[in-house]
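Inside the fold
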Amino acid sequence: PRGVYDEAKRYAEALTMAYHRQQGVDTAIVRIFNSVLADEQVLYDDGRELRRVKVSQLAATLATNAVAAGYVGSSRPTTGGVIDAGFSPAMEYPLTGYTVPAFDGDGRVGPAHASALIAHPTDDRCYELRLRYGRSIRVTGHHSVFVEGPDGAPEPKPVEDIEPGEHVAIHGRLDVPERDRKLVSLIEVWRWNEGDPWDLCVEAPALGERAWEQRFDLHGMLMAERRNIGPNARNGAWTKLIRMRRSDRLPLPIFWRVADELPENAKVRMRSAGRSVPMPARISMTDDLLWLIGLWVAEGSWYEREGDAFLTLSCDDATLDRAEAIIREQLGLHVVRAAGSSQRAASLFIHSRLLLGLWAFLGFEGNRKRIPGWILGLPLSRLKWFIEGYREGDGVHSGDELDGIRHEFATVSEELKDDLVVAFARFGLVPSLGRHQINREGRTFPFWRIRLCNVSPWRPLEWDRGVRQRLDVRRSGDLVWAKVKEKVEIEATELVYDFSVPGLENFWAGTGVAAKNTFGPRMRPHDGRAIPTFLRQAL
């Protein structure tokens, strides 16, 4: 049944080489290898920030730009009724401005241009490779990862041919495009959260007088917007304008009518029938605030219910003192403290819906414990502050209790576990991952433990100036050779995916495993691969 497909490939390759040999045309042949499964994760930079997602999620975001890359036979029915029964599409998603971590001939990792994401169905057997350090990758059997060659250089080898005990390349260091974030506008945050612009007020000295100078136009605006209803609507609009004049506090649409830009010292607050607390209109993303965010990821929680919304932090008093000072000075918010007891640690509470809106904008909506891509892509001199905050929050698992030779963290969030792998790789550090569980009162609670051993200097705030880690494995440039512990056959997903990375032909997949990609090497003149490939498939 696959004869037509295989013969078409053989004919296309032969025709391409004929044009190359007879007419001198500059040609290249791309060979599409089977690749990672749809539920496997990849790491890439889309020109805005670093992202780590399931490859199928990336394809979904690119779906409007997909083009058919041809049709291949499939034993699986397709959905949607677009393609005839018995066939599924191979889709190509062209990429512009995307980079992926890839290594060169010396094993040095850097961002490389990815020209396309390619998806296609497979009838191939699929496997999960489980490696040392808790790394893994889920791929089709004919997809290649990199094994340690006789001279120590990476060599691609199909997963189907790999046996436990061999060594596979994982990323020991990660170089990505760096972007810093210095300021966040709470007006942008409000817009991102789709808040009603009339429910956010801007306040600054002299704003009320500026509004009063345009009071007749603004009165007409309030009436047109029907901000008051009933027989006294006109008087109600005047009352609002008088209140604006006295308070120097303007609803956002009124503010943009009388001002072109935010005053330097402007604050914003939610419109409320009761008391509301303002926050700076511009939030400076200082090192201290990055430290606070890291601390919250380790030891914080998010609560939102009708009539109340707040963030909490729970740890030792000295750390809470520092956190409270940052919240008061940089966010302008009041903090409520609760003393510790024998049952629980001391806590602080920050009641503010605006703060929760900021947290959601920064990537932590709904108590989501993770390291967002904008943090993972910060310069190392800034990323270290988040890591230090997280370490201090999770400090009961590291430090003097472990003889100062390793850090050890625990989390129930698989997303955070994988983000920490990326964050440590930015500094050239390789953590080991382990899944564990504890039993309490007849219930099982699974969690991840992340260990970072033999690191010098020990404190993260010194890592951006250079950090060393002693591993009892070999390295090739920025790659580390991790032993294969297990190869398990798994069920295929409907589609499998692959990046096309011209020139370097590899990318980050799974938990940091170096994967071979779709972009085959340029065929050498007279290398004779086209017909033998067809014959091997036919046989």
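Residues numbered from 1 in each chain as written. Predicted model: local features only at pLDDT ≥ 70, side-chain atom pairs only at ≥ 80, totals over all residues. Heavy atoms only, no water.

Now for the pattern of salt bridges. Considering all chains together, one arrives at 42 salt bridges under this definition. With a closest N to O distance of 3.1 Å, Glu408 and Arg451 form a salt bridge. Of this pair, Glu408 sits in strand 24 (residues 406–411) while Arg451 is found in strand 26 (residues 443–453), placing the two residues 43 residues apart along the sequence. Taking the relative accessible area as the measure of exposure, Arg451 reaches 26% and is therefore partly exposed. (Salt bridge = Lys/Arg side-chain N within 4 Å of Asp/Glu carboxyl O. Helix = DSSP H or I, 4+ residues; strand = E, 2+ residues; numbered from the N terminus. Buried < 20%, exposed > 50% of the residue type's maximum accessible area, 1.4 Å probe, protein only.)

Before going further, it helps to examine the sheet that holds strand 24. Spatially, the three strands line up as an open sheet ordered 24-26-25, and their pairing is antiparallel. At either end of the open sheet lies a strand with only one pairing partner, and these are strand 24 and strand 25 (432–440). The average undirected angle you get between the axes of adjacent strands in this sheet is 30°. Two strands pair when backbone bridges link them, and strand 25 and strand 26 are joined in this way by nine bridges, in the antiparallel orientation. Bridged to Asn439 within strand 26 is Thr444. Contacts from helix 13 (residues 414–426) reach strand 24, strand 25 and strand 26 within the one sheet, and its direction differs from that of strand 26 by about 0°. (Pairing = 2+ DSSP bridges. Axes fitted to C-alpha atoms, helices over the stretch in contact; angles between N-to-C directions. Contact = heavy atoms within 4.5 Å.)

Time to look at the packing of helix 8 (residues 287–299) against helix 9 (residues 317–331). The interhelical angle for the contact between helix 8 and helix 9, taken along N-to-C directions, is 125°, at an axis separation of 10 Å. Judged by the angle between their axes, helix 8 and helix 9 are oblique. For the pair helix 8 and helix 9, the crossing hand works out as left-handed. Contact with helix 8, carried on its side by Asp288, Leu289, Trp291, Leu292 and Leu295, involves Thr319, Arg322, Ala323, Ile326, Ile327, Gln330 and Leu331 of helix 9 and no other residues of that element. Residue composition of the contact of helix 8 with helix 9, by class: eight nonpolar, two polar and two charged. (Parallel < 35°, antiparallel > 145°, perpendicular 65-115°, else oblique. Left-handed = near helix turned anticlockwise from the far one by under 90°. Nonpolar A, V, L, I, M, F, W, Y, C, P; charged D, E, K, R; others polar.)

Buried within helix 5 (residues 215–224) we find Leu218, His219, Met221 and Leu222. Mapping the buried residues of helix 5 onto a view down its axis gives an arc of 160°, with all of them on the same face. Residues Phe216, Asp217 and Ala224 are exposed on helix 5 and point more than 90 degrees away from its buried face. Note on helix 5: the residue one or two positions beyond its end, Arg226, has a positive phi of about 55°. (Arc of directions from axis to C-beta.)

Before going further, it helps to examine helix 13. Here helix 13 spans 19 Å end to end across 13 residues, near enough to the 18 Å set by a 1.5 Å rise per residue. Counting buried positions over the 13 residues of helix 13 gives 11, a clear majority of the element. Taken together, the buried positions of helix 13 are Leu416, Lys417, Asp418, Asp419, Leu420, Val421, Val422, Ala423, Phe424, Ala425 and Arg426. Two or three places before Glu415, at the opening of helix 13, Ser413 has a side-chain oxygen 3.4 Å from that residue's backbone nitrogen. (Expected span 1.5 Å × (residues − 1). Polar contact = N/O pair within 3.5 Å; in protein donor to acceptor, adjacent residues only side chain to side chain.)

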